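Coordinates in review
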Amino acid sequence: MREVADRERIGAFMTALARHATTDVDVFLVGGTSAVLVGWRATTIDIDLVFRPESDAMLRAIPLLKERLQLNVELASPDLFIPVPPGWEQRSPVITRIGRVTYRHFDFVAQALAKIERGHARDLADVHAMHAHDLISATRVRAQFALMEPELFRFPAIDPPSFRRAVDAVFPPSPL
């Protein structure tokens, strides 16, 4: 049975993973991992991440590190579930650099929109925490949603009117 990840365990994973980088790479951390590192949660069930560019050496290291550190690690990011507008890499804040790896939080607005679309209570609590920590704003979330809305057809599991209602429920439109 693997253990939950706290700040210390996430840091140990980041350091160990960076040792396997053979070229410069950005690792974008997502979801509960961001929540723990920013500080609105003490632990997360798994470390979600994505690489740019992909690194075979680092991908091969993940199963070994999962076992050695007794952590759950998943390759997951908002762009697998919703159409993330271009430029998300530049909107992803840097956490730290270890060796050849720059660790970043995946664009918080994209994370918030993916969580709103999924709609679980914990996801919505995370969205409110991101807002409370000034990582997102209603204006930015609504603007990014407007950019992605025409691309929702690429994700047939998403019902666009339901997604819009969910965004409006969390961040109501401003009255005229």
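This text goes with the structure placed above it.
The structure reproduced in this document is the subject of the present report. (Residues numbered from 1 in each chain as written. Predicted model: local features only at pLDDT ≥ 70, side-chain atom pairs only at ≥ 80, totals over all residues. Heavy atoms only, no water.)

Moving on, we get to the packing of aromatic side chains. On inspection of all chains with the given rule, the structure shows four aromatic pairs. Seen in terms of ring centroids, Phe28 and Trp88 are 4.7 Å apart; in terms of plane orientation they differ by 65 degrees. Their pairing is edge-to-face. Residue Phe28 is located in strand β1 (residues 25-30), and its partner Trp88 is located in the loop between β3 (72-75) and β4 (94-98); the two are separated by 60 residues in the primary sequence. Trp88 shares its class with Phe28; the two are buried. When the centroid spacing of 4.2 Å and the interplanar angle of 10 degrees are considered together, the rings of Trp88 and Phe106 count as stacked. Of this pair, Trp88 sits in the loop between β3 and β4 while Phe106 sits in the loop between β5 (101-105) and α4 (108-118), placing them 18 residues apart in sequence. (Phe/Tyr/Trp six-rings, centres within 6.5 Å; stacked < 30°, edge-to-face > 60°. Helix = DSSP H or I, 4+ residues; strand = E, 2+ residues; numbered from the N terminus. Buried < 20%, exposed > 50% of the residue type's maximum accessible area, 1.4 Å probe, protein only.)

On to the sheet that holds strand β2 (residues 46-52). With mixed pairing, the five strands of this open sheet are ordered in space as β3-β2-β1-β5-β4. Of all the strands in the sheet, just β3 and β4 have a single pairing partner and so form its edges. Ignoring strand direction, the axes of neighbouring strands in this sheet form an average angle of 30 degrees. (Pairing = 2+ DSSP bridges. Axes fitted to C-alpha atoms, helices over the stretch in contact; angles between N-to-C directions.)

Our next topic: the packing of helix α6 (residues 138-148) against helix α7 (residues 160-170). The contact between α6 and α7 brings their axes to 11 Å, and the two run at 170 degrees. Here α7 runs roughly antiparallel to α6, going by the angle between their axes. Listed contacts from α7 to Arg142, Phe145 and Met148 of α6 are Phe163, Arg164, Val167 and Asp168. Per-class residue counts for the contact of α6 with α7 are four nonpolar, no polar and three charged. (Parallel < 35°, antiparallel > 145°, perpendicular 65-115°, else oblique. Contact = heavy atoms within 4.5 Å. Nonpolar A, V, L, I, M, F, W, Y, C, P; charged D, E, K, R; others polar.)

A word on the layout of surface pockets. Taken as a whole, the largest pocket spans an internal volume of roughly 520 Å³. Looking at the largest pocket, it is lined by 22 residues, and the ones nearest its centre are Gly31, Asp48, Lys115, Arg118 and Asp123. Within the residue set of the lining of the largest pocket, elements represented by two or more residues are β2, α4 and α5 (121-132). At five residues, the largest contribution of residues to the lining of the largest pocket is made by α4. Per-class residue counts for the lining of the largest pocket are six nonpolar, six polar and ten charged. (1 Å grid on protein atoms, 1.4 Å probe; cavity = no way out; pocket = protein on both sides within 12 Å on 5 of 7 lines; lining within 4 Å. Points joined across faces, edges and corners; volume = space filled by probe spheres on them.)

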